[in-house]
Amino acid sequence: MQQLCVSLVPIFNHLQPEEMLEIAKTTTHAQYERNDIIYGAGDQSAHLYIVHQGRVKIYLLSESGKEQLIRILEPGDFMGELSLFTESMFDHYAVAMEKTEICVLRRVDLQAFLLKYPTISIKILEEFGRRLDRTEKLISSLTSEDAEKRIAAYLLELLDGQNDQTLTLPMAKKDLASYLGTTPETVSRKLAEFQERGWIEQTGQRKIKIHHIQALQEV
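Residues numbered from 1 in each chain as written. Predicted model: local features only at pLDDT ≥ 70, side-chain atom pairs only at ≥ 80, totals over all residues. Heavy atoms only, no water.

If you look the protein up in an unreviewed UniProt entry, it shows as Crp/Fnr family transcriptional regulator from Lederbergia galactosidilytica.

Okay, the nonpolar core next. Among the nonpolar cores identified, the biggest contains 30 residues, and L155, F194 and I200 are the most heavily contacted of them. Of all the elements in the fold, those that place two or more residues in this core are strand 6 (67–73), strand 9 (93–96), helix 5 (147–159), helix 6 (173–180), helix 7 (184–196), strand 13 (207–210) and helix 8 (213–217). Counting residues per element, this core draws most heavily on helix 5, at 6 residues. Each of domain 1 (5–134) and domain 2 (144–218) contributes no fewer than three residues to this core. When near neighbours in sequence (up to four residues on either side) are disregarded, I200 contacts L155, L191, F194, Q195, I208, K209, I210, H211 and L216. (Core = buried A, V, L, I, M, F, W, Y, C linked by side-chain atoms within 4.5 Å. Buried < 20%, exposed > 50% of the residue type's maximum accessible area, 1.4 Å probe, protein only. Helix = DSSP H or I, 4+ residues; strand = E, 2+ residues; numbered from the N terminus. Domains from an automatic or database assignment. Contact = heavy atoms within 4.5 Å.)

On the secondary structure map, D109 appears in helix 3 (residues 107–116). A distance of 3.0 Å separates a polar atom in the side chain of D109 from a polar atom in the side chain of R106. (Polar contact = N/O pair within 3.5 Å; in protein donor to acceptor, adjacent residues only side chain to side chain.)

Let us look at the state of the cysteines. One pass over the full model with this rule turns up 1 disulfide. The disulfide partner of C5 is C103, and the gap between their sulfur atoms is 2.3 Å. Of this pair, C5 sits in helix 1 (residues 2–8) while C103 sits in strand 10 (residues 100–106), and the two are 98 residues apart along the sequence. The buried category is assigned to C5, whose relative accessible area is 0%. (Disulfide = S-S within 2.5 Å.)

Dropping the structure here:
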């Protein structure tokens, strides 16, 4: 299981099979049920966590107790990467969205592999760059755009790179609202308005078919 887990991760899957096996031998694994907390704000950051199966949501919690969703992690994604550089405490929460299996790699072991296989460092920096870009776009959207623009832009982001124009929302509307800085009611209302205008068609609980890309771009 551990070797398969390591092979899913972009920061490792460029290595030779025997090198991935070497890394896999140092990992442990843990299972979580839906809504289980994998780690929380204030916990010590000392491991890299790799999602093998299931999904994990990363969120911040305001002083008033409101969640701000940061990202959803799928199999092959990782978290806890700041433990590579320093012993620190998490400022966010990681919670299983469904039954989830996690591979865990200790910081000291990962640091040794970074020295042995420098290409891992390059892959990690590439992922940091992608995450920073997504975070900057999200902050810009939250501070300069209204909810309708944010929802339209998010649908287009999901559609990017797909061969057809049908997409599946990766999260419930409650979590989507948290991610976009609005309310579930607003998300539902705006999606209904987009459908009434003929721009989209909601074909299932989370499935959406895009009919008019240009209209969404011009919101």
